[in-house]
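Report on the structure
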Amino acid sequence: MPRPRPATIIRLVVLIALLVLANRYLQGFFAMLEEDFASADPRMLRRLAITALLLYALSLALPFVPGVEIGLMLMAAAGPEMGYLVYLCTVIGLCIAFVAGRLVPPLVLARLAGEFGLRRAEALLTRFAALPRDEVFPTLVAVAPNRFAAVLLRQRYLALALLLNMPGNFVLGGGGGIAMMAGLSRVFSPPLFLLMTMLAVAPVPLAVAWFGGN
């Protein structure tokens, strides 16, 4: 198997380092906001909540950011009524990641696979890039390596919902990384992805909002 180019490895290492630094910074920043919530007056509390929610939606769109933990931190700091806004911003953040993935041309992925020496993946991605959009999913099912993979593809919305709620999904890229990969795959309809996301992420924040004050 051909080895990845040194320049590709360097870019990958830099990207991982930036994601780790962003992750650490965001966790520290939200921890600081949690302390500020306790001592803020009502006017400042409103500004802090808006700032925190905007940053939460944007940070959730990044791969490997522990969005669930940050959302729980916000609800714990600002009270259960924050659950509705956390829910809305979670849906927005995941949709941003999904759209970002959809905007990446398939040939870019093929070129990236080639730089890492993944020739079979490069050939497959190049083949998919040339297909009409309505032929991508049937072709993907046809080349699935086994029956289980084909079933997962056919039940892809359910599988994606389970991944978004799976404990420890941080190792798979977190909610943002999973949503971005869903966009990259081109096999998820944007309206159905939005509906699936609204249902999949609803239980925790809405439960906190409904029952947290009791």
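Notes on the structure follow.

Criteria and cut-off values
- Residues numbered from 1 in each chain as written.
- Predicted model: local features only at pLDDT ≥ 70, side-chain atom pairs only at ≥ 80, totals over all residues.
- Heavy atoms only, no water.
- Helix = DSSP H or I, 4+ residues; strand = E, 2+ residues; numbered from the N terminus.
- Buried < 20%, exposed > 50% of the residue type's maximum accessible area, 1.4 Å probe, protein only.
- Contact = heavy atoms within 4.5 Å.
- Areas by Shrake-Rupley, 256 points an atom, 1.4 Å probe, with all protein chains shown as cover.
- Axes fitted to C-alpha atoms, helices over the stretch in contact; angles between N-to-C directions.
- Parallel < 35°, antiparallel > 145°, perpendicular 65-115°, else oblique.
- Nonpolar A, V, L, I, M, F, W, Y, C, P; charged D, E, K, R; others polar.
- Patch = residues over 30% accessible without salt bridge, like charges linked within 9 Å, V, L, I, M, F, W, Y side chains within 5 Å.
- Salt bridge = Lys/Arg side-chain N within 4 Å of Asp/Glu carboxyl O.
- Phe/Tyr/Trp six-rings, centres within 6.5 Å; stacked < 30°, edge-to-face > 60°.
- Arc of directions from axis to C-beta.
- Core = buried A, V, L, I, M, F, W, Y, C linked by side-chain atoms within 4.5 Å.

This paragraph deals with the overall build of the chain. If you tally the helices and strands in the chain, you get twelve helices and zero strands. Burial statistics for the chain: of 214 residues in total, 37% are counted as buried. In the chain, of all internal contacts separated by at least 6 residues, the share reaching a separation of at least 24 is 70%. Summed over all atoms, the accessible surface of the chain reaches about 12,800 Å², with 71% contributed by carbon and sulfur.

Relative orientation of the contacting elements helix α7 (residues 133-142) and helix α8 (residues 147-154) amounts to 155 degrees, with a least axis distance of 9 Å. Taken together, the axes of α7 and α8 are roughly antiparallel relative to one another. Between α7, through Phe-137, Leu-140 and Val-141, and α8, the contact on the second element is made entirely by Ala-150, Leu-153 and Arg-154. A per-class count over the contact of α7 with α8 returns five nonpolar, no polar and one charged.

Right, let's talk about the environment of Pro-167 for a bit. Tracing the backbone shows Pro-167 in the loop between α9 (156-165) and α10 (174-185). Considered as a pair, Pro-167 and Val-68 are 99 residues apart in the sequence and their alpha carbons are 9.5 Å apart.

On the surface, Leu-58, Leu-85, Leu-88, Ile-92 and Ile-96 cluster together into a nonpolar patch covering about 430 Å² of accessible area. In terms of residue count, the dominant contributor to the nonpolar patch is helix α4 (residues 82-102) (four residues). Following the sequence through the fold, Leu-58 ends up in helix α2 (residues 42-60). Taking the relative accessible area as the measure of exposure, Leu-58 reaches 53% and is therefore exposed.

Applying the stated rule across the entire model yields two aromatic pairs. Judged by centre distance (4.0 Å) and plane angle (10 degrees), the ring pair of Phe-98 and Phe-193 falls under stacked. Taken as a pair, Phe-98 in helix α4 and Phe-193 in helix α11 (residues 190-200) lie far apart in primary sequence, 95 residues in all. Given a relative accessible area of 1%, Phe-193 falls into the buried group.

All right, on to helix α12 (residues 203-211) then. Those residues of α12 that fall on the buried side of the exposure criterion are Pro-205, Leu-206 and Ala-209. Projected onto a plane normal to the axis of α12, the buried residues spread over an arc of 90 degrees and lie on a single side.

The next subject is α9. Among all positions of α9, only Arg-156, Tyr-157, Leu-160, Ala-161 and Leu-164 are buried. Mapping the buried residues of α9 onto a view down its axis gives an arc of 140 degrees, with all of them on the same face. Within α9, the exposed residues directed more than 90 degrees away from the buried face are Leu-158 and Leu-162. Of the surrounding elements, those touching the buried residues of α9 are α4, α7, α8, α10 and α11.

A few words now on the nonpolar core. If you look at the biggest cluster of nonpolar residues, it comprises 38 residues, and the most contacted ones within it are Tyr-56, Met-82, Val-86, Leu-160, Phe-188, Phe-193 and Met-196. Breaking this core down by element, the ones donating at least two residues are α2, α3 (67-78), α4, α9, α10 and α11. Considering each element in turn, this core owes the most residues, nine residues, to α4. Non-local contacts of Phe-188, meaning those with residues more than four positions away in its chain, are made with Phe-98, Arg-102, Arg-156, Tyr-157, Leu-160 and Ala-182.

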